[in-house]
Each structure stands twice: as structure tokens, then as C-alpha cells.
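# Breakdown of the fold
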Amino acid sequence: MLFNSYIFIFTFLPITFFVYFYLNNKRLTEAAKGFLVFSSLFFYSWWNIVYLPLILTSMLFNYVVGRQLTKNHHFRRTLLFIGVISNLALLGYFKYADFFITNVNRVIDSNIPLLHLALPLAISFFTFQQIAYLVDSYRAETHEYDFLNYAVFVAFFPQLIAGPIVHHKEMMPQFANIRNKVKNYRHIALGLFVFSIGLFKKVVIADTFAIWATNGFDVAEKLNLIEAWVTSLSYTFQLYFDFSGYTDMAIGAALLFNIKLPINFSSPYKATSIQDFWRRWHITLSRFLKGYVYIPLGGNRHGEIRTYANLFATFLLGGIWHGAGWTFVFWGALHGMALVIHRAWHKLGFRMHMFLAWFITFNFINISWVFFRAKEFEDAIKVLKGMIGMTGITLPYGVSTKLPILKQYDIKFGNFITETGGDKYTFIWLISAGVLVLAFKNSMELMESFKISNKTMWFSGILFSVGVLSMNKVSEFLYFNF
């Protein structure tokens, strides 16, 4: 079930909300919690009920292992190893089996048939979340061992599909707090406010950019300079507004139930370094990679060379986590190398003007997204060749009369964004999106200054109405595929 669907907004969410608080109001708190788990699993099963046993088995397995890890016995380390490997094996089987077989076939020229497994929804997210739970249990940082509570922690529908990736210790106290079982009208108003912003981001902004990005990456055979930049920038903005829109809707929906999910985005395109970017983009993933990959590898405790290796390895794994393909691996490697260069740059005492630092960072992010989005390296190379002018430059007809001298440099005049499916309004969208992400407060900053007033009600109402009226087709969120 999609957040940006009529069934979710006008049926599932209201029914779940009213029944949950009705049961709590009747002091049937365990029944309310059970209903929330049932609703979340119903939400999960809406796409394909086939994978419901998988998530239930995964939850039960990790709950049992987690409980054993809290007990003082000699096999805790072995048990943690088994638990983590089991989770990674499950993820690896469904997500990477065909990728592995394809590469084996290429290397040894064999013909091993592919498994063609459908990726279970949210497996990347609930696997990471439960690995963190096992490690936290091993470290004696978990203090709640009721299975129903654990089921709510894993399956809570706002964050189940694509995060934010939450920790057991930050969620369980909220579910246990008796005051959170009573309707909070400020949280309801704030939740609807943030949900409306997220809905508008997704269905109005991201889905508009999706058309030009898809045409440029998947349809066009060749892109001229302007078309290539329109394609890459369209995807850069599509991805941000799509994923941050999803996160806003998740945070807003959770607030209706008095649950505060962690922040996942903080104006990432304002970043002035690659390190700054990862402190602002998909913050809960960065938190996971730092706490459960980078630090266990040794972090910065074993000298500079080892630190560089750990940084690179962490982001290489981050790239692989995003998808089973060499373009994701290369994207992760690019970011790993950028972080190594950034650290070395600062260690040598170099500094850079803030505007130049932002310009380099933004363009690096924009270019690296090309590999993240491309289905094959050929698609990425097609876009990059266009971006540096290797496949020609075409300017609008109007320029030919003002700058005829350009013709002698083999610059053409005519339809200059045909391959992307764009028009003159495309540039207005690109400029507006750029201004929006650079000059305005983000939704989390707006949350902090939120006050219930006519102004905020009108703001939420307009965004929500435009968003609902724009839901004329089903469009999945980009991170559902990761």
C-alpha cells in the first residue's frame, strides 16, 4: 500500500488511527498494540502476501536470538555471529543471488540458470534494523523483551518499508509511554502538516521530474549537452523530493500515533563537503553504517591508512546495500574515495571558499547519481558524454540570430530538449527546485517552528489538496526498490 494512494489516505490510515485510540481509550492497551501490529502487517501484505511468512519468521528468529544475547553465557559471541550471518544470508539470497550467478557465468563462461527471485518488500530495511537490534542486545543496550512490543518495533507501518532506520532503544520507550496512548491534538496537527509537505514533494515535484529523468536515462539513445544536464539534474531533484517526501509522510503518519521517528534529511544539497552531505542525506543509514560497520572495522583508531581503508570499505558496502549491480558498487566506491580525499585534504590543512566547496560538492553528487540511477554503465556513459558536450550542443532557435558566430563551432539550433520530453517549463521547474532546496527551510526545520494557526492550516490544506488532486496515477517510491 502506497502512502500516496487513496486507499491509504482515506481508508487505511483513518481506520487504523481511530481503532487504535478507541482500544486505548477503553484501556485495552495490549489489544491496541496487537491491532497496530495486525494493521502494519496488513499494510505490508497489500502488495504481495507471499512474503508475509518471511517477515514473520525473520521477526521471530531475531527476537529469540536477541533474548538469548541478553543472557550471560559463553556462546554470546557465536550466537551474535550466527544471528548477523543469518540475516545477511537472507538478504543475500533474495537480493544478490542472481547478481552473483550472472557474474559467475561471465567469469567462467558457464550457463547457470538465474533464480529470478522477486525482492521481498522492505527486506533491506527490516534486515538492517534487526541486525542493529542483535548488536544492541549483545551490548546490553536493549531492555524490552516482549514479543508484541518487538513486533511493533519492526513492523510499525510508517517506517517499515523504507525507513527511517530506527533503533530499538529509541522506539520502545515511546510505545511503552502511557501518555502516548491518548490522542494528542498538537501531534495530530503537526503530523498532518508534515504529511502534507511530504505528499506534495512526492506527487507534485518528484513525479514531475521523474518524466524527464526516465526519458533521458531509459528512452533516449543520445543526449545533447542541455538534454544531458536536464536528465541528470531531474534525477537529482527527483530522488531527493521522492525519498525525503516519503520520509516526511512516514514521520507525519507516526506522529498521529504519538511516535517520533528520527530525522532522515536535513537539506543535503546545501552541503559544502561530502562528509557534510552524508550528515544530511539518509541520516539514519549513515548512523547505521558508522555504528555497525565503520566503528567495528576499527574506525579511526588504527592510524590514517587504516582509517582511509575503513571509510572506503564502509561506503563500498553502502553502495552494495543499495542494489545488486556494478553501478551501485561504483557509486559506493566513488563516495568512499571522495570521503578519503576530503579527510586527507583537511589533514593537510587545506581550506576552500564556501561557495566553491558547495559547487564542487553539488556537482560531484549530481554526477555520482548518474551511476546510481543508470541501469547499465552504457546508460551512465551516455548521460556523462552528453554532459561534457561529446554528443553535440543544440541551442534554442532564438539564440541563432543573436549569436550566429556559434555556428562555425558546430553548434546546432533547434529542438534542444526533445529527448527528455521536456519543454520551456522544464527550466522553471529546475530553477525553482534549486531555489527551494538551497534558500528555504526544510520540512524538519518547519516542524521545529510549527505553531497551530490559520496560516499553517491553510498551508497544510493547500499542499494536501494539490497533492491529492495530483494522485492521478500510481507511482512507487524510488527507495522501495533498494
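## Quick word on the pattern of salt bridges
- Taken as a whole and judged by the stated rule, the model has 11 salt bridges.
- Arginine 280 is the salt-bridge partner of aspartate 276, the closest N and O atoms lying 3.1 Å from each other. Of the two residues, aspartate 276 and arginine 280 are both situated in helix α11 (residues 274-280); the distance of four residues between them amounts to about one turn of the helix.
- Between glutamate 304 and lysine 347 there is a salt bridge, and its shortest N-O distance comes to 3.9 Å. One end of the pair, glutamate 304, is in helix α13 (residues 304-322); the other, lysine 347, is in helix α14 (residues 326-347), and 43 residues separate them in sequence.
- Residue classification places glutamate 304 among the partly exposed positions, given a relative accessible area of 29%.
- You can call lysine 347 exposed: its relative accessible area is 54%.
- The structure contains a network of salt bridges with shared partners spanning Lys202, Asp207 and Asp242.

## Describing helix α12 (residues 283-297)
- Here α12 spans 20 Å end to end across 15 residues, near enough to the 21 Å set by a 1.5 Å rise per residue.
- Where α12 bends most, at lysine 290, the angle is about 35°.
- Elements that come into contact with the buried residues of α12 comprise α5 (123-138), α11 and α13.
- The positive-phi residue at the C-terminal boundary of α12 is glycine 298, with phi of around 125°.

## Remarks on the nonpolar core
- Counting residues in each nonpolar core, the largest one holds 147 residues, and the members touching the most others are Phe8, Phe237, Phe257, Tyr269, Trp281 and Trp369.
- Considering each element in turn, this core owes the most residues, 17 residues, to helix α10 (residues 225-256).
- Sequence-distant contacts of phenylalanine 8, that is, excluding residues within four places in its chain, are made with Met1, Leu2, Phe3, Leu13, Pro14, Phe43, Phe157 and Phe195.

## So, the packing of aromatic side chains
- Within this structure, the stated rule accounts for 72 aromatic pairs.
- Ring plane angle 75° and centroid distance 6.4 Å describe the contact between phenylalanine 10 and phenylalanine 464, whose orientation is recorded as edge-to-face. Separated by 454 residues along the polypeptide, phenylalanine 10 in helix α1 (residues 6-25) and phenylalanine 464 in helix α20 (residues 454-469) bring together distant segments of the chain.
- A relative accessible area of 47% places phenylalanine 10 in the partly exposed class.
- In this structure phenylalanine 464 comes out as partly exposed when scored by relative accessible area, which is 25%.
- Positioned over the ring face of tyrosine 138 is arginine 76, at 4.5 Å from the centre of the ring.
- Its guanidinium or amino end placed over the ring of tryptophan 321, lysine 95 lies 5.4 Å from that ring's centre, counting from NZ or CZ.

## Examining a nonpolar patch on the surface
- The grouping of Trp345, Leu348, Phe350, Met352, Phe355, Leu356, Phe359 and Ile360 at the surface amounts to a nonpolar patch, some 790 Å² of accessible area in total.
- Top element by residues in the nonpolar patch is helix α15 (residues 354-373). It accounts for four residues.
- The topology assignment puts phenylalanine 359 in helix α15.
- On the accessibility criterion, phenylalanine 359 (42% relative accessible area) is partly exposed.

## Here's the deal with unusual backbone geometry
- The phi dihedral of arginine 27 falls on the positive side, at around 65°, and the residue is not glycine.
- Of note, arginine 27 is situated in the loop between α1 and α2 (29-45).
- A positive phi angle, near 45°, is found at histidine 282, a position not held by glycine.
- Mapped onto the elements of the fold, histidine 282 is located in the loop between α11 and α12.
- Judged by relative accessible area, which is 0%, histidine 282 ranks as buried.

## Some points on the confidence of the model for the protein
- Across the protein, the average pLDDT comes to 90, with 99% of residues at or above 70.
- Looking across the protein, the model is least confident in helix α17 (residues 397-402), with a mean pLDDT of 74, and most confident in α15, with 96.

Cut-offs applied
Counting restarts for each chain: residues are numbered from 1 in the order of the written sequence. For this predicted model, a pLDDT threshold of at least 70 governs which residues receive local features, and a threshold of 80 or more governs which side-chain atom pairs are given and counted, while totals over whole chains, interfaces and linings are taken from all residues. Working from all heavy atoms in the structure, the side-chain values ignore hydrogens and water. Take a side-chain nitrogen of Lys or Arg and a carboxyl oxygen of Asp or Glu: if they are within 4 Å of each other, that pair is a salt bridge. Numbering goes from the N terminus for both helices and strands, where a helix is a DSSP run of H or I of at least four residues and a strand is a run of E of at least two. In this scheme, a residue with accessible area under 20% of its type's maximum is buried, one over 50% is exposed, and one in between is partly exposed, where area comes from a 1.4 Å probe on protein chains only. Under the convention used throughout, the expected extent of a helix is 1.5 Å for every residue step, that is, one less than its residue count. Bend at a residue means the angle formed by two fitted axes: the first through the 7 residues ending at that position, the second through the 7 residues beginning there. Any two residues whose heavy atoms approach within 4.5 Å at even a single point are treated as in contact. Residues enter a nonpolar core if they are buried and are Ala, Val, Leu, Ile, Met, Phe, Trp, Tyr or Cys, with the set joined through side-chain atoms within 4.5 Å. Two rings from Phe, Tyr or Trp (for Trp, the six-membered ring) form a pair when their centres are within 6.5 Å of each other. A pair whose planes differ by under 30 degrees is stacked, one over 60 is edge-to-face, and the rest are tilted. We call a charge positioned over a ring when the NZ of a Lys or the CZ of an Arg lies within 6 Å of the ring centre and within 35 degrees of the ring normal. The patches reported here contain residues having more than 30% relative accessible area and no salt bridge. Joining distances are 9 Å for like charges and 5 Å for nonpolar side chains (Val, Leu, Ile, Met, Phe, Trp, Tyr). The protein chains shown are the only cover counted for residues, whose accessible areas, like all others here, come from Shrake-Rupley with a 1.4 Å probe. pLDDT expresses, on a scale from 0 to 100, how confident the predictor is about each individual residue.

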